[in-house]
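Commentary on secondary and tertiary structure
The chain contents come next:
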Amino acid sequence: MAKWGEGDPRWIVEERSDATNVNNWHWTERDVTAWSTDKLTELLVGCRVERDGASCRLTDVTKLEGEASINNRKGKLIFFYEWVIKASWMGTTAIGIKYKGTLEVANLSDENDMDDLDISVSLCKDEPVTPLLGLMKKEGVERVRKALGEYVTLLKSAFSHGMILPTASGPSHSVDVAPQISTSVPAKAVPQGPQQGSGSTAGVRISTCSFSLKETFLTSPDELYRTFINQEFVQVFTLSAAQVDGCRGGKFQMLDGNVNGEFSELIPEEKIVMRWRFKTWPSEHYATITLLLKGVGNETELRLDSSPY
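This one's a predicted model, so the numbers in the text were calculated from it and none came from an experiment.

On to the overall build of the chain, then. Broken down by element type, the chain carries 4 helices and 13 strands. By residue count, 40% of the 309 residues in the chain fall in the buried class. In the chain, the proportion of contacts linking residues at least 24 apart, taken out of those at least 6 apart, comes to 54%. Working note: accessible area of the chain is about 17,500 Å², and carbon and sulfur atoms make up 50% of it.

Structure representation (structure tokens):
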């Protein structure tokens, strides 16, 4: 048996807050089958194509068998998915005559490119021959191929969060996938205040607004909570320098100094409240950001409320 400190460094638990999967050496896996089932159904049902007044659309997914997962081994993300899909479609001619048919995808898999997918289209039994079948076999198949490509893109971009952890020596720069979260608000609601150093703002009315956002992450409340208060995690997921003192009253600065503030309230795995500002905002002008975390099965629902401080 090796003496303390002499073992293979790949198996040594370094001094870090979570003490798990150090240096991303061990195999970790995240099951995304349930999310994939819902997302594939959402993307496929309603797919529609038109030509010369005629139209076809997918009305229902009748079979969706398979599985999907994201794996991390030695700091490398591996995506596995394999699906057999059957769907029903309905076509309507320019004069209103309706036809029904089926569509099948036999090999949606990480081993096949989108161009190699085997997508077959047919009419239901006893349906007469119709030009709508040609419409589905050409434009319909391409529309379905595009929807399946969108599923793969979402799988690789939005649901890898937390799979590669920072190491004790600093944030991992091998993170090649990060969640894409839209945090936009209407342009008219964004205040255009004076720049710092442009003079006193005393007596100047500054337009402000409040807004709320909601996102769901395929991770635990604990992991998502630590992503906001742990300096290494913040640096990994913003891909920029940060200073974070993750305690009540602790200061933070992130995105290369463009954002700074202070933690006002911290309830582990449940709530984060902070004073938050862009460096271009008028001096001492802050927003109050409240993050509420709620575990739902193997996912975490995050609600963000922003209001003037």
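Grouped together as the largest cluster of nonpolar side chains are 40 residues, with contacts concentrated most on L58, I85, W89, L103, L108, L148 and Y151. Listed by contribution, the elements that provide at least two residues to this core are helix 1 (33–44), strand 3 (54–73), strand 4 (76–92), strand 5 (98–109), strand 6 (119–123) and helix 2 (131–158). With sequence-adjacent residues up to four places away left out, Y151 is seen in contact with W35, S36, K39, L40, L43, A68, Y81, W83 and L108. With 21 residues, the next largest nonpolar core counts A242, V259, I272 and L293 among its residues.

Turning our eyes to something else, we now look at the confidence of the model for the chain. Predicted confidence across the chain gives a mean pLDDT of 80, with 74% of residues reaching 70 or more. Contacts from residues 7–26, a stretch scored under 50 in pLDDT, to residues over four places away or in other chains number 41 contacts. Predicted confidence for residues 164–202 stays below pLDDT 50, and this span has 69 contacts to residues more than four positions away or in other chains.

Take the packing of aromatic side chains next. Within this structure, the stated rule accounts for 7 aromatic pairs. Ring centres of W35 and Y151 lie 6.0 Å apart, and the angle between their planes is 25°; this geometry places the pair in the stacked category. Here W35 is found in helix 1, whereas its partner Y151 is found in helix 2, with 116 residues between them in sequence. Across the pair, Y151 and W35 agree in class, each one buried. Here the basic side chain of R275 rests over the ring of Y286, its NZ or CZ set 3.8 Å away from the ring centre. Taking the ring centre of Y286 as reference, the NZ or CZ of R277 above it sits at 5.5 Å.

For the rest of this paragraph, the subject is the pairing of strand 4. With 10 bridges joining them, strand 4 and strand 5 adopt antiparallel strand pairing. Among the inter-strand pairings, E82 is bridged to a residue of strand 5, identified as S109. Count of turn residues in the strand 4/strand 5 antiparallel hairpin: 5 residues, of which G96 carries a positive phi of about 95°.

With that settled, the discussion passes to the pattern of salt bridges. Following the criterion strictly, the structure yields 10 salt bridges and no others. A salt bridge links E139 to R51; the shortest N-O distance between them is 2.8 Å. Here E139 is found in helix 2, whereas its partner R51 is found in strand 2 (residues 48–51), with 88 residues between them in sequence. Overall, E139 belongs to the partly exposed group, its relative accessible area being 27%. For R303, the salt bridge goes to D305, with nearest N and O atoms at 3.1 Å. Here R303 falls in the partly exposed class, since its relative accessible area comes to 33%.

Moving on: the packing of helix 3 (residues 221–229) against helix 4 (residues 231–238). Contact geometry of helix 3 with helix 4 gives a least axis separation of 6 Å together with a crossing angle of 90°. Viewed along their axes, helix 3 and helix 4 adopt a mutual orientation that is roughly perpendicular. Along the contact surface, helix 3 presents R226, T227, F228 and I229, while helix 4 presents Q231, F233, V234 and F237. Across the contact of helix 3 with helix 4, the residue classes tally to 5 nonpolar, 2 polar and 1 charged.

The grouping of E29, D31, E67, E82, D110 and E111 at the surface amounts to a negative patch. Note that E67 resides in strand 3. Accessibility expressed as a relative area gives 45% for E67, which makes it partly exposed.

Once that is clear, we can look at unusual backbone geometry. For L255, which is not a glycine, the phi torsion comes out positive at approximately 55°. Judged by relative accessible area, which is 35%, L255 ranks as partly exposed. The phi torsion at E284 lies on the positive side, around 65°, for a residue other than glycine. Mapping E284 onto the fold places it in the loop between strand 11 (271–278) and strand 12 (287–296).

Criteria and cut-off values
Residues numbered from 1 in each chain as written. Predicted model: local features only at pLDDT ≥ 70, side-chain atom pairs only at ≥ 80, totals over all residues. Heavy atoms only, no water. Helix = DSSP H or I, 4+ residues; strand = E, 2+ residues; numbered from the N terminus. Buried < 20%, exposed > 50% of the residue type's maximum accessible area, 1.4 Å probe, protein only. Contact = heavy atoms within 4.5 Å. Areas by Shrake-Rupley, 256 points an atom, 1.4 Å probe, with all protein chains shown as cover. Core = buried A, V, L, I, M, F, W, Y, C linked by side-chain atoms within 4.5 Å. pLDDT = per-residue confidence, 0-100. Phe/Tyr/Trp six-rings, centres within 6.5 Å; stacked < 30°, edge-to-face > 60°. Lys NZ or Arg CZ within 6 Å of the ring centre and 35° of its normal. Pairing = 2+ DSSP bridges. Salt bridge = Lys/Arg side-chain N within 4 Å of Asp/Glu carboxyl O. Axes fitted to C-alpha atoms, helices over the stretch in contact; angles between N-to-C directions. Parallel < 35°, antiparallel > 145°, perpendicular 65-115°, else oblique. Nonpolar A, V, L, I, M, F, W, Y, C, P; charged D, E, K, R; others polar. Patch = residues over 30% accessible without salt bridge, like charges linked within 9 Å, V, L, I, M, F, W, Y side chains within 5 Å. Lys, Arg positive; Asp, Glu negative; His and termini not counted. Charge placed at Lys NZ, Arg CZ, Asp CG, Glu CD.

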